Amino acid sequence: MKWTLAAALVPADRLLDLARTAEEAGYDSVAMPDSVFFPEKVSAKYPYTKDGSRFWKPETEFIDPFVAIPAMAAVTSRLRFHTNVYKLPLRDPLLTAKHVASIAVMSGNRFAFGVGLSWIPEEFTFTHTEMRTRGARTDEAIDILKLVCAGNGPEWVEYHGTHYDFDRLMISPAPDRPVPIYVGGHSEPALKRTARVGDGWISVNTTPDKIIESCVRLHELRREYGRENEPFDIVAGPVGNVSRDDYRRMEEAGVTECQAAPWWQYRVGFGDAAAMREATLRFADEVIAQY
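So, a few notes on the structure that sits alongside this text. (Residues numbered from 1 in each chain as written. Predicted model: local features only at pLDDT ≥ 70, side-chain atom pairs only at ≥ 80, totals over all residues. Heavy atoms only, no water.)

## A closer look at unusual backbone geometry
Working note: non-glycine residues mostly have negative phi, and peptide bonds are mostly trans. With an omega of -15 degrees, the peptide bond between N84 and V85 qualifies as cis. Cis geometry marks the peptide bond from S172 to P173, where omega comes out at 5 degrees. With respect to the helices and strands, P173 occurs in the loop between β7 (165-169) and β8 (181-184). Although it is not a glycine, L9 adopts a positive phi angle of roughly 75 degrees. Judged by its relative accessible area of 14%, L9 falls in the buried class. One non-glycine residue with positive phi stands out, namely H128, at about 60 degrees. As for its position among the elements, H128 is in the loop between α4 (121-126) and α5 (134-148). (Helix = DSSP H or I, 4+ residues; strand = E, 2+ residues; numbered from the N terminus. Buried < 20%, exposed > 50% of the residue type's maximum accessible area, 1.4 Å probe, protein only.)

## A few points about the packing of aromatic side chains
This model, assessed by the stated rule, comprises 18 aromatic pairs. Each ring, one from W3 and one from Y247, has its centre 5.1 Å from the other, and the planes form 75 degrees; the classification is edge-to-face. With a gap of 244 residues between them, W3 in strand β1 (residues 2-6) and Y247 in helix α8 (residues 244-252) connect regions that are remote in the sequence. Given a relative accessible area of 3%, W3 falls into the buried group. (Phe/Tyr/Trp six-rings, centres within 6.5 Å; stacked < 30°, edge-to-face > 60°.)

## Focus on the nonpolar core
The biggest cluster of nonpolar side chains holds 71 residues, and the ones touching the most others in it are W3, M72, F111, F113, Y247, M250 and F283. Here this core gets six residues from one element, more than from any other, and that element is helix α10 (residues 273-288). When sequence neighbours within four positions are dropped, the list of residues in contact with M72 reads L15, L16, A19, V30, M32 and F81. Counting five residues, the second largest nonpolar core, distinct from the first, contains L9, Y46, W119 and I120. (Core = buried A, V, L, I, M, F, W, Y, C linked by side-chain atoms within 4.5 Å. Contact = heavy atoms within 4.5 Å.)

## Things to note about the packing of α5 against helix α6 (residues 188-197)
One can describe the packing of α5 onto α6 by two numbers: an axis separation of 12 Å at closest approach and a directional angle of 20 degrees. When the interaxial angle is binned, α5 and α6 end up roughly parallel. When the axes of α5 and α6 are compared, the crossing they make is right-handed. Where α5 approaches α6, its residues G135, T138, D139, I142 and K146 are matched on the opposing element by R193, R196 and V197. Considered class by class, the residues forming the contact of α5 with α6 number two nonpolar, two polar and four charged. (Axes fitted to C-alpha atoms, helices over the stretch in contact; angles between N-to-C directions. Parallel < 35°, antiparallel > 145°, perpendicular 65-115°, else oblique. Left-handed = near helix turned anticlockwise from the far one by under 90°. Nonpolar A, V, L, I, M, F, W, Y, C, P; charged D, E, K, R; others polar.)

## A short note on the pattern of salt bridges
In the structure shown here, the tally under the stated rule is 17 salt bridges. Residue E257 pairs with R80 through a salt bridge whose shortest N-O separation is 3.0 Å. With E257 in strand β11 (residues 257-260) and R80 in strand β3 (residues 80-83), this pair connects stretches of sequence that are 177 residues apart. The buried category is assigned to E257, whose relative accessible area is 5%. One network of salt bridges, with partners in common, ties together E188, R217, E220 and E224. (Salt bridge = Lys/Arg side-chain N within 4 Å of Asp/Glu carboxyl O.)

## Quick look at α8
Counting along an α-helix, one turn takes 3.6 residues, and residues three or four places apart therefore face a common direction. Restricting attention to buried positions, one finds in α8 the residues D246, Y247 and M250. With its buried residues spanning 100 degrees around the axis, α8 presents them on a single face. Exposed residues lying more than 90 degrees from the buried face of α8 are D245 and E252. On its buried face, α8 is in contact with β1, α7 (208-224), β10 (233-238), β11 and α10. Just downstream of α8 lies G254, where phi reads positive at about 115 degrees. (Arc of directions from axis to C-beta.)

This is the structure in structure tokens:
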């Protein structure tokens, strides 16, 4: 089992120190969320709370992961990074591929790209993208990312799809190793997309039992697509009173990496940078080292 420090909602001025601390303490990676803006009013319910409300305040800091990850990579040498998850259909895939390729090169191939769709209608409206086609456009965008970031360095690529179409072009620099594409989400379409084209899957923050349930379905789908023997990562976000047996059960179900936000687990929040560092080290001592 590998271990990820989940940096969602963490203030920008804490990130570099936490990255150094995570590397020092033996974590394997840091996960960064993506949020373009906070619409004052939304016409859909947040899918991961009981009442559908957003649990973070409008002024909560979401530094762009394409800025945060290179900064953290620059102050570490071993730590890996991934997005959890980047709202891919809000962006142009070629511009996104340029960012992803650059981050992979500058970090020494320490970057995996986690993608999702976004649930907020206003994000699509205000960015002049179409929510109705978000799934199909995400599929094509993943195809484009895999072409540009195939691991062969800069090379000529072209793409002719329903939503995106371009003739031969080259993006340079490009990584000399493939950038893993992780897909987030528990819905059946998300699991099918993961099984069909993903190099890994990222769960939402939920119970170990629900994570294991999705892992079972994911393995079924990967067999159906003939991909059960290909390398595959499962990054889980277990919440609640997670025991060592829970971690074992998830590992047996195929989980390769677990995320943790120790400042929540030990109830220190974001108010004290020293307390956040101590919580990060405490989780490493009490869970990672013991596991």
